[in-house]
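One-letter residues, chain by chain:
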Amino acid sequence: MKLLLLLALAAYAPQHAGTPITPELEAKAHTIGKTIRCAVCQGLSVADSPSPMAQSMMDRVRELVTEGKSEAEIHAYFVERYGEWILLEPKAEGFNLIVWVLPFVFVGLGLAVIARNTAVSEDARQAGPAPEAADDPYLKAVRDRVEKS
Amino acid sequence: MKINWSLVITGLVLAAALAWVLGKGFGRDPHEVPFMLTGKPAPAFTLERLDGAKGEAKLADFAGKPLILNFWSTWCGPCKIEHPVIEWGFGKFGDRVQFVGVVYQDSRENVDAFLRESPPKYAMLFDENGRAAVDYGLAGVPETYFITKDGKIRYKHVGPLDPSRLTQEIRALLEDAPK
Amino acid sequence: MSASLVGQACILVALVAAAFGSVTAFVLTRRGDPRGHAFAVRAAVVFFCAMLAANLTMVSALVGFDFSVQYVAQVGSRATPLVFRIVSLWSALEGSILFWGLILSGYVAAFAWRYRKEEARFIPYAVGSMLAVGVFFAFLIAGPATPFTEVSPVPPDGPGPNPLLQNHILMVVHPPILYLGYVGMTVPFGVALGALVSGEFSERWMAPLRRWTMIGWGFLSCGIIIGAWWAYAVLGWGGYWAWDPVENASFLPWLTATAFIHATIVEERRHMLKAWTLSLALATFALTILGTFMTRSGVFNSVHSFTQSDIGPTFLVFIVLIVVVSAVLLALRSHLLVSTGRIQSAVSRDAAFFLNNLLFVALTFTVLLGTVYPLIAEAVRGVKVSVGEPYFNKMAVPMGITILFLMGVGPALPWGQATKQSLRQMWPSVSTAIVVVIFCVAYGYREPGALVTFALAGFAANITLREMFLPIRVRMREKKEPLLTALGESVRRAQRRMGGYVVHLGVITIFVAIAASQSYVTHAQATLKAGDTMQTQQYTLAFKEIVQGQEGNRRFVAAKVQVTSASGSTFELLPRVNYYPRSTDPIGSPAVHDTALGDLYLSLLAHDPAAQTVTLNTWFFPLVSWIWWSIPFFVIGTLISLWPVRARVQAPAPPPPRDAEGASA
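The paragraphs below set out a description of the structure included in this document. Computed from a predicted model, the values in this text were never measured in an experiment.

Parameters at a glance
- Counting restarts for each chain, with residues numbered from 1 along the sequence as it is written.
- The order in which chains are written sets their letters, starting at A; the order in which ligands are written sets their numbers, starting at 1.
- In keeping with the predicted nature of the model, local features appear solely for residues at pLDDT of at least 70, side-chain atom pairs appear and are counted solely at 80 or more, and the whole-chain, interface and lining totals rest on all residues.
- No hydrogens and no water enter the side-chain calculation; it runs on all heavy atoms of the structure.
- Helix and strand assignments follow DSSP, with helices taken as H or I runs no shorter than four residues and strands as E runs no shorter than two, numbered in order from the N terminus.
- Burial classes: relative accessible area under 20% of the type maximum marks a residue as buried, over 50% as exposed, and values in between as partly exposed (1.4 Å probe, protein chains only).
- Only heavy atoms matter for contacts: two residues are in contact if any of them lie within 4.5 Å across the pair.
- All accessible areas in this document rest on Shrake-Rupley with a 1.4 Å probe, and a residue is counted as covered only by the protein chains that are shown.
- In this description, buried area is defined as the sum, over both parts, of the accessible area (probe of 1.4 Å) that is lost when the two are combined.
- Between Lys or Arg on one side and Asp or Glu on the other, a salt bridge is scored when a side-chain nitrogen of the former is within 4 Å of a carboxyl oxygen of the latter.
- Distance and chemistry together define a polar contact, namely a pair of N or O atoms within 3.5 Å, with one atom able to donate a hydrogen and the other to accept it when in protein, and with adjacent residues in sequence counting only for side-chain atoms on both sides.
- Each residue receives one of three labels: charged for Asp, Glu, Lys and Arg, nonpolar for Ala, Val, Leu, Ile, Met, Phe, Trp, Tyr, Cys and Pro, and polar for the others, Gly being one of them.
- Side-chain rings of Phe, Tyr and Trp, where Trp is taken by its six-membered ring, are said to pair if the distance between their centres is within 6.5 Å; with planes under 30 degrees apart they count as stacked, over 60 as edge-to-face, and otherwise as tilted.
- Strands qualify as paired when DSSP identifies two bridges or more between them.
- All axes are obtained by fitting lines to C-alpha atoms, using only the stretch in contact for helices, and the reported angles, taken between N-to-C directions, cover 0 to 180 degrees.

Digging into the overall build of chain A
- Of the regular secondary structure elements, chain A holds seven helices and zero strands.
- Counting from the amino terminus, helix and strand elements in chain A follow one another as α-α-α-α-α-α-α.
- Buried positions account for 47% of the 149 residues belonging to chain A.
- In chain A, the proportion of contacts linking residues at least 24 apart, taken out of those at least 6 apart, comes to 49%.
- Counting only carbon and sulfur atoms, one obtains 64% of the accessible surface of chain A, whose full area is about 7000 Å².

Structure representation (structure tokens):
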């Protein structure tokens, strides 16, 4: 409820423009901001969210970037306060690996199944049913002509 | 009848896994924001004073006694409801515990107007761009930090406090009983 | 009699009709009694009429401010305009389930009526299965999610529907269309179950399965795009897709339904993938129910989970039941579903279809895994984690790009095995891709992801258009037919293929629009005093003044911004914030100037009437509106595929036995 109210009243809250930083640093801050979750929003990053909380967090990212902190250090700063929850992308370590690895395992297994069902030898190709297409005959005709020429 | 048991087992495993994972979700509050600083030293801050005392205040200025740090804003409805509760707490426990209000992300005019109406009884600081708030892992206003006399965050309360909760938390803070 | 009682009575009738129809359909048909079918058809019609009556009762209560009905007391308000009073029907949980029931009953009745004279044994089983789903929803409406509880004492007025839902006209069309897509997947589920129960795997059940999936799929596609459009036009952060659980919930069944549509083509041509195709139909339905669970159970954190309640456990039981029943039935019939064909070459249309299905299902798996992973992590590790946009983009973008490639290459490859000639014929399309790349690089658009997308889009578009126009050209040349006749005949002879290609063009458009709007967005934010200007892309924005006013039941604050484009033309934009009575939620309403080349998007972030300053968030999104403009492709493509021609078409002269719906791709 409180969060809702905070979100609700966001429009009343003033915005404070952060200290201007160089475009390179701003770009870096934006990239990192995209990976940090706004604490009061629902799933938006601090770089995207217009809420005041996100603006504060984004300002902090800018400061840390200006201090020369790396992405990992900035992530560590936020994780220390808000836990892993604050990262929009689970770190690829430990149990989290399942989200990063399983999709590839899935694709790999699928490819294996498809490969197993693909005839590799010339014999099998001959043995397979003739691929006589019931395509539109006109389409077939034109294809043949193109192929002959 | 021929039955493909591996399919049945796959289906059952899938159903059981779904039921387990989704069932675990019941009763969880998806909107709760984790707070990791409990038991950790309170982060230092340097903030402008709004309570008549000129200049800036640091966390170190409040060392030695338990501290209650209340983040609020004039644009936050529940904060205004909570405000008298904190003042009441200050009246009751102000001799044993320090009270500090931090105005979070607000416009100076609004804060000045509010504080003219009800002059602060305890230290009032201004966190204009939310720097201290992020350092403290704030996830909205009002939130109140209960900090022990040796500078550790004992508990963060999310949302407006009521008198009985405030009393309970202050007593626990004074005894410094393990949470 | 009070509206609550009437509503409850209607729902009870619906529940009884669905239960009776479902049980008799199964029991009597099993005994070989043809009355099972007749009863099921009648029960479906009664089910529909009762649901319709219940919905009309609710709408009249909403329109007539009958606050004695609990749902009206919850979402109604005397200040709400008529249109939004009707729309309130689906603005909260209970009403949306009631509306769901109406659409479900409509589908079941339409299916039952359409096939009332069909003698195949799977039909009564199919209707029975759909009615069983109807029993579940009627039970939900009668019990756990009833909107018809009587309130006493009757409140004089209510709070009105969620302001987010009455802020934009798209919200009037988005939910019904999405529901039509979502609920429509019940029909293929019923047909698949019917086929499995009856054990009849002739070609007869494939056609209805395919057609009814297409209907749901068409609505679902449009519903998803309109949802993205709504998010863009209302939520004010400039995005249209955030990989939010609610969005994923609608995307998941779309993915499996799309895989299904492609799998049926292989099934039909090569007699492979029968079990796979059936599983996709079953999975699509299971995912719609899972998606509903995600949005309605309150278990997931979401940008727009408007409606939460404790119906979660009921849904969970239903999901488990669906999975178990589907798996057991598949297992019982698996010996009848053996593939007879084999892929002959890795470079063939068959292989392209297999890869397409693999990618769609892998994407489904990935999105599902990412969406539920926070729950898994909390259950296993006891730690809260988030899985958001960066993860999904990283995983989905490569898969999407591969799908785009397959979409181009697939139609150009012959069935069976590619010949050197067929590969050589791809050269013009490859050169199109090369020209696109040279063009983009020359104009400075060098972002690699976008370049790859543009190149593949050029490649796929070239092949798609070639495949569409080849038969037309040949007809015009060989048969000397005029253009329109040739077009009509070509479409009629290959309806589904042509429809499919039209949809492909729409998908290519979306790919291009997403790549352009993501890679070349310009963003600027500034706090302006009256008279100040700022620059966004080629536009100069001058803030004039703050405008406030009252408009129907809402108050608004807007910033009047004078925009001057590079060409010197000027226009005014009014990004604003709306305030609704009895709601603390101010709702931002961004102002968008849309052109074919891109949108100028202004959002009012903050305003201070005393100081006359506003903070504006501004973006320029290249090509973004192409995403919504692709809707006609989906509508026309689906209609072409589905258009009933049976009555007009005579059997083709030399009869290769062909599906009456036209040759397949």
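A closer look at the interface of chain B and chain A
- Contact with chain B, which involves 33 residues of that partner, is made by 27 residues of chain A.
- Contact between chain B and chain A buries roughly 2400 Å² in total, counting both sides, with carbon and sulfur atoms accounting for 61%.
- Of all residues in chain B, the largest losses of buried area upon contact with chain A belong to W75, Q105 and V134 of chain B, amounting jointly to 27% of the total for that side.
- Taken together, chain B and chain A are joined by two salt bridges.
- A salt bridge links D135 of chain B to R60 of chain A; its shortest N-O distance comes to 3.1 Å.
- On inspection of chain B and its partner chain A, the count reaches eight residue pairs in polar contact (both at pLDDT 80 or more).
- Elements with a contribution of two residues or more to the side of chain B that touches chain A: α2 (77–93) and α4 (131–135) of chain B.
- Of the residues contributing to the side of chain B that touches chain A, the split by class is 18 nonpolar, nine polar and six charged.

Re the packing of aromatic side chains
All names here are of chain C.
- One pass over the full model with this rule turns up 53 aromatic pairs over all chains.
- Seen from their ring centres, F99 and Y179 are 5.7 Å apart, and the 40 degrees between their planes marks the pair as tilted. Within this pair, whereas F99 is found in helix α5 (residues 93–114), its partner Y179 is found in helix α7 (residues 170–184), the two being separated by 80 residues in sequence. Each of the two residues, F99 as well as Y179, counts as buried.

Details of the sheet that holds strand β8 (residues 591–594) of chain C
Residue and element names in this part refer to chain C.
- Across the sheet, four strands lie side by side as β1-β10-β9-β8; this open sheet has antiparallel pairing. Since the sheet does not close on itself, it has two edges, and those belong to β1 (522–529) and β8, each with one partner. For this sheet the average axis-to-axis angle between neighbouring strands, irrespective of direction, equals 15 degrees.
- Note: β1 against strand β10 (residues 613–622), eight bridges, orientation antiparallel.

Regarding the environment of W628 of chain C
Residues and elements named next belong to chain C.
- Residue position: W628 is located in helix α20 (residues 626–629).
- Relative accessible area serves as the criterion here: at 3%, W628 is assigned to the buried category.
- For the pair W628 and T509, spaced 119 residues apart in sequence, the C-alpha to C-alpha distance is 9.6 Å.
- Leave out the neighbours within four places in its chain, and W628 touches I225, A228, W229, Y232 and Y240.

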